[in-house]
Amino acid sequence: MTAILNILLLILFLVSTPKESFQDDQLQIRMKRNWGFSSGTGRIQGTFTITGIGPENLSQVVFYLDEQILGEANSPPFELRFVTDDYPLGPHQISAVGSTAARGEIVSNTIQVEFVSANEGWQAAGNIIIPIVVVVLGAIGLAVVVPLIFTRGKKKQLPPGAARSYGHYGGAICPKCSRPFSRHIYGLNLGLHKYDRCPYCGKWSLVRRASKEELDAAEEAELTAAQEGKFQPQTSEEEALQRDLEDSRFED
Ligand SMILES: [Zn+2]
């Protein structure tokens, strides 16, 4: 009983469903952008293709821009490519007339467009792109400037092995130079790690918060290294060169 009911409902459904495709005897035109600008509301600039879709026996499509013939297509796909810059700026209507063996001429739908200048097109595109570029450049700028602000005016580097407090973000041990340093507020948080800059060697690396024992050990190692004279007071390249010259003079 239910099966019969289902079949009846199905038949009813099939009969009542409107055909989605357009009528066989109609001509429809569609436009797509090949290159250029399209506002989405009909303001266009650049190269576009119009396609005519019609009955099977469609033999020719003539495309119109207002009353003027844009061009024609004599075989499927009935397509025509055009460049907006070849025509006056402003509002236009694009339409087509198709020829069929059986019914003669059929008129298509009309597409309303407004041809805009290349400048205007790029300006409109720029209104979208430029803010993105500004935001991206701004973010890059901040990433460079913020560490400079935070590191500027800080007291001179601590002497090696000096006891220090590592502050709110905890201490970390630089994997490049092995010296312990306080993690910075500007360090980029990545899970348990921070992408942070070592104030001693100036290198950026991914560091985790080191334990008290690790930090103590690193301070110890630093002190030992200092006693062995591994840390030279920082010299400019010029001074270093000067020292090398003086050293070599005494060698003679
Ligand atoms: Zn370092």
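Structural data are supplied above this passage.
Calculation rules
Residues numbered from 1 in each chain as written. Predicted model: local features only at pLDDT ≥ 70, side-chain atom pairs only at ≥ 80, totals over all residues. Heavy atoms only, no water. Phe/Tyr/Trp six-rings, centres within 6.5 Å; stacked < 30°, edge-to-face > 60°. Lys NZ or Arg CZ within 6 Å of the ring centre and 35° of its normal. Helix = DSSP H or I, 4+ residues; strand = E, 2+ residues; numbered from the N terminus. Patch = residues over 30% accessible without salt bridge, like charges linked within 9 Å, V, L, I, M, F, W, Y side chains within 5 Å. Areas by Shrake-Rupley, 256 points an atom, 1.4 Å probe, with all protein chains shown as cover. Salt bridge = Lys/Arg side-chain N within 4 Å of Asp/Glu carboxyl O. Buried < 20%, exposed > 50% of the residue type's maximum accessible area, 1.4 Å probe, protein only.

Draft legend 1. Structural detail: the packing of aromatic side chains. By the definition in use, this model includes five aromatic pairs. Here R179 stacks its cationic end above the ring of Y200, 4.0 Å away from the centre of that ring.

Draft legend 2. Local environment of unusual backbone geometry. Cis peptide bonds are those with omega within 30 degrees of zero, and the linkage from P76 to P77 qualifies with -5°. Mapped onto the secondary structure, P77 falls in the loop between β4 (68-73) and β5 (78-83). Unusually for a residue other than glycine, D66 sits at a positive phi of about 55°. Examined against the element boundaries, D66 turns out to sit in the loop between β3 (58-65) and β4. Phi angles above zero are rare outside glycine, and S178 is one such case at about 65°. Along the chain, S178 falls in the loop between β9 (171-173) and β10 (180-182).

Draft legend 3. Region of interest: a nonpolar patch on the surface. Judged by side-chain polarity, I128, I129, I132, V133, V136, L137, I140, V144, V145 and L148 come together as a nonpolar surface patch covering roughly 930 Å² of accessible area. Along the chain, the position of V133 falls in helix α2 (residues 118-151). For V133, a relative accessible area of 41% gives the class partly exposed.

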